[in-house]
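Reading the structure
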Amino acid sequence: MAATALEFNFEKDKEVIEGFLTSFVSDAGFSVLEGEPPKKYLQILEQVANREVDTVSVALDDLNTYDEDLCKRIGQNTKRYVDLFAQVIDKLMPPATRPISEQDTVVDVIIEQRQRFEALQAEEGSTDARFPPSILRRYTVFFEPASKEPTLAVRHIMAQHIGQLVRLRGIITRVTDVKPLLSVCTYSCDECGHEVFQEVKARTLTPLNECQSPMCKRNKSRGKLHMQIRACKFLRFQEARIQELADQVPMGHIPRSMTVHLYEGMTRTVSTGDIVTLSGIFLPTPYTGYKAIRAGLLADTYLEVSHVHQTKQTYDAMNQAATAAETARRVQDKLESQNVYEVLANSICPEIYGMTDVKKALLLLLVGGVTKKVGDGMKIRGDINVLLMGDPGVAKSQLLKWTSKVAPRGIYTTGKGSSGVGLTAAVMKDPVTGEMVLEGGALVLADNGICCIDEFDKMEDGDKTAIHEVMEQQTISISKAGIVTTLNARASILAAANPVYGRYNTALSPNQNINLPAALLSRFDIVFLLLDTPDLDNDTRLAQHVTMVHMTNQAPESDAHVLLAEDEMRSYIAQARQVRPVVPAAVGEYMTNVYVGVRKEEARDPSDYGYTTARTLVSILRMSQALARLRFSPIVSVGDVDEALRLMSVSKQSLSDKRSKQRKRGEHHVSRIFNLLKTMIAAEAAGAEVDAAADGEDATAVDLDNLQGEVSMAELKERVIAKGMTETQLDDMLREYTDLGVLFVSGDRSRVRFV
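Along each chain, residues carry numbers from 1 onward, in the same order as the chain's sequence is written. Since the coordinates come from a predicted model, pLDDT governs what is reported: local features require at least 70, and pairs of side-chain atoms require 80 or more to be given and counted, while whole-chain, interface and lining totals use all residues. Side-chain metrics in this entry use all non-hydrogen atoms of the structure; hydrogen atoms and water are not considered.

**Brief notes about the overall build of the chain**
What counts is decided by this rule: Numbering of helices and strands starts at the N terminus; helices are DSSP runs of H or I of at least 4 residues and strands are runs of E of at least 2. Residue burial is assigned from relative accessible area. The probe radius is 1.4 Å, only protein chains are included, and a residue is buried under 20% of its type maximum, exposed over 50%, and partly exposed in between. The contact criterion used is simple: two residues touch if any of their non-hydrogen atoms lie within 4.5 Å. To measure how exposed things are, a 1.4 Å probe is used in the Shrake-Rupley method; for residues, cover is taken only from the protein chains shown.
What the chain contains, in helices and strands, is 28 helices and 24 strands. Going through the 755 residues of the chain one by one, you find that 44% of them count as buried. Within the chain, contacts between residues at least 6 apart in sequence are counted, and of these 71% link residues at least 24 apart. Surface accessibility of the chain: about 39,600 Å² in total, with carbon and sulfur atoms responsible for 51%.

Here's what the structure looks like:
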């Protein structure tokens with residue numbers, strides 16, 4: 001059978017490329033009033049000539065509108081067309097309009113001198129190319145993939161894709177340091193002074209020894225060549241490793257990975273833990289050293305990256321994105337005349353029924369407080385840590401998964417599958433240089449993000465101590481294999497755990513159920529205990545919600561609640577995190593009084609589920625700042641502090657023992673404050689201290705008709721705040737029972753008594 005002949009006319013393609021670069025017009029962001037639209041790529045070449053940019057990025061979508069056939073050929077033979085584009089750009093490169101100055105690098109000065117020397121030779125009639133074209137280029141050509149290009153998994157890139165432009169999606173698992181890679185080696189002859197250039201096309205180099213210049217040949221002298229490092233051309237080079245995502249791995253298989261090479265402008269565009277979509281040329285490379293003997297004819301493969309797209313943008317990148325204003329306007333339209341705090345909390349994992357207070361705590365975790373650096377260098381963290389402790393089947397893991405997915409930088413791991421080294425850092429051997437380097441664990445990968453640790457109670461005790469420093473100082477101190485350093489781990493910790501016996505045992509104290517060290521437990525700002533208790537009405541609504549989710553594959557729609565999508569949540573949080581609220585003096589004094597009152601209450605009635613420390617006060621500060629950020633307010637208000645206190649009270653109530661049967665979860669705050677007032681009056685009449693029954697353990701046994709006496713409003717307010725309630729709730733109780741004629745408040749609001 002006769003073979004099919006494939007004809008390629010590269011000279012014709014160069015003419016088409018030249019026409020495209022000189023005539024393509026971009027209409028994006030162009031107004032008719034501005035005159036003729038600019039020529040996109042000629043503007044880029046002017047910037048390259050003036051040393052403003054060093055990358056020429058050619059969008060294949062632009063080329064597809066100009067010549068569809070050429071665009072297809074580039075996708076099939078990308079490496080060859082990179083050279084063709086470079087040759088055409090060399091021809092079209094305009095002269096620089098900005099002279100060399102002290103701001104330019106040494107490489108720019110050397111290139112300028114070489115270009116002048118070559119122009120001088122051309123004027124003298126010399127046709128020999130003294131310098132190779134690659135050493136005179138201060139730019140790199142990259143192709144942006146077409147929008148219709150399919151995105152593949154690592155395992156779907158095969159031998160048929162070698163030499164082609166492919167696009168794949170995955171997570172970056174390892175990134176090396178940026179190092180110089182020799183591209184053109186320059187030698188000088190000690191006999192004739194001639195410069196000899198050697199282009200490096202492979203990963204290995206055999207240096208030249210003898211000069212081959214016409215003068216040395218004419219004199220029949222073998223001049224010795226010496227490498228001139230200053231005159232050589234080096235490229236910025238970085239190696240990375242990309243791994244398949246969990247949803248791309250077939251059942252029963254393990255994730256595959258691929259080596260990625262980044263050159264020049266593509267370096268430092270990815271970090272470990274990023275979920276990215278990479279486009280590049282799939283190329284083979286031979287093994288070297290002992291691996292070559294064992295591999296035989298086999299070759300390794302790598303991806304030479306030409307375009308990087310971050311699947312999850314950072315908060316700063318979201319605010320600078322072109323669509324940021326449009327997304328912000330859409331979110332503001334949805335939130336108009338709505339309670340922003342409630343809407344954002346309900347938008348967190350709407351498929352899960354209830355758990356409003358837990359979702360509000362997760363919202364504050366996503367927003368975070370303000371990280372401060374004191375004048376002497378001490379840092380006060382603003383990230384909020386949350387622990388969800390509860391019975392099996394209360395959707396703890398789902399909340400963790402959702403949080404790690406919606407956060408721009410979220411890492412999900414489990415306690416049993418993570419060791420102390422896996423969470424902090426491990427010492428590995430660099431595959432490129434062979435040096436011992438540190439490879440960051442989950443907490444390092446979650447830097448400036450959220451680290452979700454499931455099955456926290458299954459972690460070994462020795463591994464739990466590894467995160468003590470991270471949760472407070474937000475650093476990881478390493479002293480291994482001769483490496484002594486400190487890594488940043490500025491991450492919020494969201495942990496989920498089960499009680500010590502699987503389910504919460506009401507016969508044991510909360511400390512015995514939780515079974516976590518006090519030093520670790522105090523580092524969590526909020527600790528929730530989620531109990532699975534039977535309740536007819538709640539179980540009915542929960543079952544209806546779950547069945548509706550399974551039938552419709554989405555959260556039940558409700559006219560009463562407006563929900564935001566995940567990208568809208570990210571956009572709002574990104575805007576909120578730009579605000580840096582401060583605490584005014586009045587609010588600071590209010591928080592001081594609250595803290596002192598709570599400590600006084602605990603001294604009078606010690607609890608068995610923990611105690612209030614200075615860390616608790618700082619936690620209230622962080623949550624208050626997060627609440628102020630949600631309102632885009634530069635000042636923390638008393639209402640923010642009251643809401644933070646309420647969440648702290650809810651977390652303490654969830655950890656409290658169930659021995660007090662009269663403390664009902666559904667009891668209204670008006671009834672609780674009224675019972676507190678009755679107990680205070682009864683205790684004052686009897687001359688006794690208010691004990692642990694201040695929430696109403698014995699107050700219901702007091703006959704209301706026989707109550708006489710009055711209490712100070714200031715003392716009542718102090719007791720109410722110490723119990724985790726707010727002044728607004730106290731005013732509600734006074735208003736309701738005053739209207740009923742049960743209570744009387746003095747004109748100056750200094751005393752309250754029964755009528």
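**A few points about the side chain of Q625**
Convention followed: Any pair of N or O atoms that falls within 3.5 Å is considered a polar contact. Within protein, one atom must be able to donate a hydrogen and the other to accept it, and sequence-neighbouring residues count only if both atoms are side-chain atoms.
Residue position: Q625 is located in helix α24 (residues 614-630). For Q625, a relative accessible area of 5% translates into the label buried. A polar atom in the side chain of Q625 sits 3.1 Å from the backbone nitrogen of V370. Beyond its immediate chain neighbours, meaning those up to four positions away, Q625 contacts G369, V370, K372, P581, V583 and V636.

**Re a negative patch on the surface**
Convention followed: For patches, a residue must show more than 30% relative accessible area and have no salt bridge; joins then use 9 Å for like charges and 5 Å for nonpolar side chains, namely Val, Leu, Ile, Met, Phe, Trp and Tyr. Should a side-chain nitrogen of Lys or Arg be within 4 Å of a carboxyl oxygen of Asp or Glu, the pair is scored as a salt bridge. For the purpose of charge, His is not counted, nor are the chain termini; Lys and Arg are scored as positive and Asp and Glu as negative. Working definition for charges: the position is that of NZ of Lys, CZ of Arg, CG of Asp or CD of Glu.
Together, D532, D535, D537 and D539 line one region of the surface with negative charge. Looking at the secondary structure, you find D535 in the loop between β21 (526-530) and α21 (536-552). By relative accessible area, which is 37% here, D535 ends up partly exposed.

**Observations regarding the packing of helix α4 (residues 68-76) against helix α5 (residues 78-92)**
When two helices pack together, their arrangement is given by the angle between the helix axes and the distance between those axes. Our working rule: Between N-to-C directions, angles cover 0 to 180 degrees, with each direction set by a line fitted to C-alpha atoms, over the stretch in contact for helices. Orientation labels follow simple angle bins: below 35 degrees gives roughly parallel, above 145 gives roughly antiparallel, 65 to 115 gives roughly perpendicular, and whatever is left gives oblique. The classification used treats Ala, Val, Leu, Ile, Met, Phe, Trp, Tyr, Cys and Pro as nonpolar, Asp, Glu, Lys and Arg as charged, and all other residues, Gly among them, as polar.
Two numbers describe how α4 lies on α5: the axes approach to 6 Å, and their chain directions differ by 120°. In terms of axis orientation, α4 runs oblique to α5. In contact with L70, R73, I74, G75 and Q76 of α4, α5 contributes T78, Y81 and F85. In terms of residue class, the contact of α4 with α5 is made up of four nonpolar, three polar and one charged.

**Digging into α4**
Under the convention used in this document: This arc corresponds to the set of directions leading from the helix axis out to the C-beta atoms.
Buried within α4 are the following residues: L70, C71, I74 and G75. End-on view of α4: buried residues confined to an arc of 140°, all on one side of the axis. Seen from the buried face of α4, the exposed residues on the opposite side, beyond 90 degrees, are K72 and Q76. The inward-facing, buried residues of α4 abut α1 (10-23), α3 (60-66), α5, β2 (140-144) and β3 (165-175). The N-terminus of α4 is capped by D67, whose side-chain oxygen sits 3.1 Å from the backbone nitrogen of D69.

**Side note on unusual backbone geometry**
Phi at Q474 takes a positive value of approximately 60°, unusual for a residue other than glycine. Note on placement: Q474 falls in the loop between α18 (468-472) and β18 (475-480).

**Observations regarding the pairing of strand β5 (residues 195-199)**
What counts here: Here, any two strands with at least 2 DSSP bridges between them count as paired.
Pairing between strand β4 (residues 179-189) and β5: five bridges, direction antiparallel. Bridge pairing links S188 to E195 in β5. The hairpin turn running from β4 into β5, its antiparallel successor, is five residues long, and G193 in that turn takes a positive phi close to 75°.

**A look at the sheet that holds strand β22 (residues 710-712)**
With antiparallel pairing, three strands are arranged side by side in an open sheet as β22-β24-β23. The sheet is open, and its two borders are formed by β22 and β23 (743-745), each paired with just one other strand. Each neighbouring strand pair of the sheet contributes to a mean axis angle of 20°, computed without reference to strand direction. Here β23 runs beside strand β24 (residues 751-754); their pairing, made up of three bridges, is antiparallel. Bridging across to β24, F744 finds its partner in R753. Those strands touched by helix α28 (residues 727-739) are β23 and β24, and its axis lies near 115° from that of β23.

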